[in-house]
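In case you want the letters, here they are:
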Amino acid sequence: MTDLFSPLRLGAIDLPNRIVMSSLTRNRAGAGNVPTDLTVEYYRQRASAGLILTEASPICPEAHGYPRTPGIHTAEQMAGWKTVTAAVHAAGGRIAIQLWHVGRISHPDLQPGGATPVAPSALCPVGQVMTFKGMQEYVTPRALEAAELPALVASYVQAAKNAMAAGFDGVEIHAGNGYLLDQFLRSSTNQRSDAYGGSKENRARLLLEVLAAVCAAIGNNRVGVRLSPVTPFNDISDANPQETFDYVVGELNRFDLAFLDVLQGTGGAAPEQWLPFDYARLRAIYKGKLILNNGYDFATGQAAVQGGAADAIAYGRALLANPDLVERFRRGAPLNQPDYTKLYVGEEKGYTDYPFLAD
Ligand code: PHB
């Protein structure tokens, strides 16, 4: 029977198992937002995962919204990532980079020239943003002009080409968790009256244009997409998420992507706290390979793959704390627990020092 240990082909990427590493922000990039030797070691340690999805990686200077997140828009960042992909490949692994633009989830202190962050509409997020000066209130973003969107699409294309040059096996377009593309998709953050706002077709337009352009540039079989239909993270919601995302996923079928990666519910929250959404319906509409994510353990992940709810499962916290998670699952071995005080700080502590089974 197909299970977590069965091989899987995602477009052009052959996985030896269906245990995927979820994208996880770790805030340990070096000067110039360049991956460091520690980044190399962290991903190399996790190369036995079926596929590594990197931490979210900003596609251009305006895409940044957090300190020390490694970008994919400068020659130095590409060189840093190249050492990561080489190490993962040498260790027998596969790695795709998550391409990120935060949109309004930023601050002038994190923007080039102290500029105002951009978004579909000039709506200020509720909450605070971590800057180099500590926590600050969000600001009201500037609504992007329709005439600016082709350059934005071109930034995704350039970042995808950079990723290929840096040796990645593929890219995941981040269209979830309240960041820029999700701000276009969901109705609470998109109050535009042009061709990119209003109806679900219009709200999905930018994502679909990005996908078409990135697929044309690097090949559809190396492109995936991340969606999170109901998470309220980053102060976002949709008036009718099932209708919106049934439509989006139906449109994705046109591209024959390598994979669709869906965060169920709210990241980190228990299922009882998730807003209602029918993921089986997405599964039925979507014709390609589906990765599900959020709080799975070995038993629930096995059940989801064996029962056909998903083709693969993305594990975040479990792979963060267990570099050899695949082997631990195989042996039924106990798991290390993540040190939540070191998710975003600590350099090597809580990053590259989680023990392997043999240790
Ligand atoms: C975060 O930095 O907290 C973060 C980044 C990307 C996500 C979710 C959370 O998709």
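Residues numbered from 1 in each chain as written. Predicted model: local features only at pLDDT ≥ 70, side-chain atom pairs only at ≥ 80, totals over all residues. Heavy atoms only, no water.

- As named in an unreviewed UniProt entry, the protein is Alkene reductase, taken from Candidatus Dechloromonas phosphorivorans.
- According to the UniProt record, the Cofactor (unreviewed entry) comment for the protein reads "FMN".
- Its UniProt record gives the protein the following Sequence similarities (unreviewed entry) comment, quoted word for word: "Belongs to the NADH:flavin oxidoreductase/NADH oxidase family." (UniProt positions renumbered as here; feature names shortened; annotations may be inferred.)

**Considering the state of the cysteines**
Each disulfide is one covalent bond, formed between the sulfur atoms of two cysteines.
Piece 1. Within this structure, the stated rule accounts for 0 disulfides.
Piece 2. Here Cys60 stays unpaired: no disulfide links it, and the sulfur of Cys215, its closest cysteine neighbor, is 19 Å away.
Piece 3. The exposure class of Cys60 is buried, given its relative accessible area of 8%. (Disulfide = S-S within 2.5 Å. Buried < 20%, exposed > 50% of the residue type's maximum accessible area, 1.4 Å probe, protein only.)

**Quick notes on the packing of aromatic side chains**
Piece 1. In this structure the tally under the stated criterion is 11 aromatic pairs.
Piece 2. Residues Phe298 and Phe329 carry aromatic rings whose centres are separated by 4.9 Å and whose planes lie at 45 degrees to one another, so their mutual orientation is tilted. Taken together, the residues span a long stretch of sequence, with Phe298 in helix α8 (residues 298-306) and Phe329 in helix α10 (residues 325-331) at a distance of 31 residues.
Piece 3. Here Tyr315 and Phe329 contribute two aromatic rings whose centre-to-centre distance is 5.2 Å and whose plane-to-plane angle is 70 degrees, an arrangement assigned as edge-to-face. Separated by 14 residues along the polypeptide, Tyr315 in strand β14 (residues 312-315) and Phe329 in helix α10 bring together distant segments of the chain. (Phe/Tyr/Trp six-rings, centres within 6.5 Å; stacked < 30°, edge-to-face > 60°. Helix = DSSP H or I, 4+ residues; strand = E, 2+ residues; numbered from the N terminus.)

**Brief notes about the environment of Gly346**
Piece 1. Residue position: Gly346 is located in the segment after α10.
Piece 2. In this structure the C-alpha to C-alpha distance between Gly346 and Arg28, which are 318 residues apart in sequence, comes to 8.3 Å.

**Remarks on the nonpolar core**
Piece 1. Core analysis: the biggest nonpolar cluster contains 86 residues, and Ile173, Leu227 and Leu252 have the highest contact counts within it.
Piece 2. Ranked by residue count, the leading element in this core is helix α5 (residues 200-218), at 9 residues.
Piece 3. Setting aside chain neighbours within four positions, we find Ile173 in contact with Leu99, Tyr156, Leu181, Leu207, Val210, Leu211, Val214, Val223, Gly224, Val225 and Arg226.
Piece 4. Counting residues in each nonpolar core, the second largest holds 13 residues, with Leu51, Leu53, Ala96 and Phe259 among its members. (Core = buried A, V, L, I, M, F, W, Y, C linked by side-chain atoms within 4.5 Å. Contact = heavy atoms within 4.5 Å.)

**Examining the site of the ligand**
Piece 1. All residues adjacent to the ligand are Thr25, Tyr66, Trp100, His174, Asn177, Tyr179 and Phe233.
Piece 2. Thr25 places a side-chain nitrogen or oxygen 3.0 Å from an oxygen atom of the ligand.
Piece 3. Protein coverage of the free-state accessible area of the ligand, which is 280 Å², stands at 83%.
Piece 4. Looking at the shell around the ligand, its residues break down into 4 nonpolar, 3 polar and no charged. (Near = heavy atom within 4 Å. Polar contact = N/O pair within 3.5 Å; in protein donor to acceptor, adjacent residues only side chain to side chain. Areas by Shrake-Rupley, 256 points an atom, 1.4 Å probe, with all protein chains shown as cover. Nonpolar A, V, L, I, M, F, W, Y, C, P; charged D, E, K, R; others polar.)

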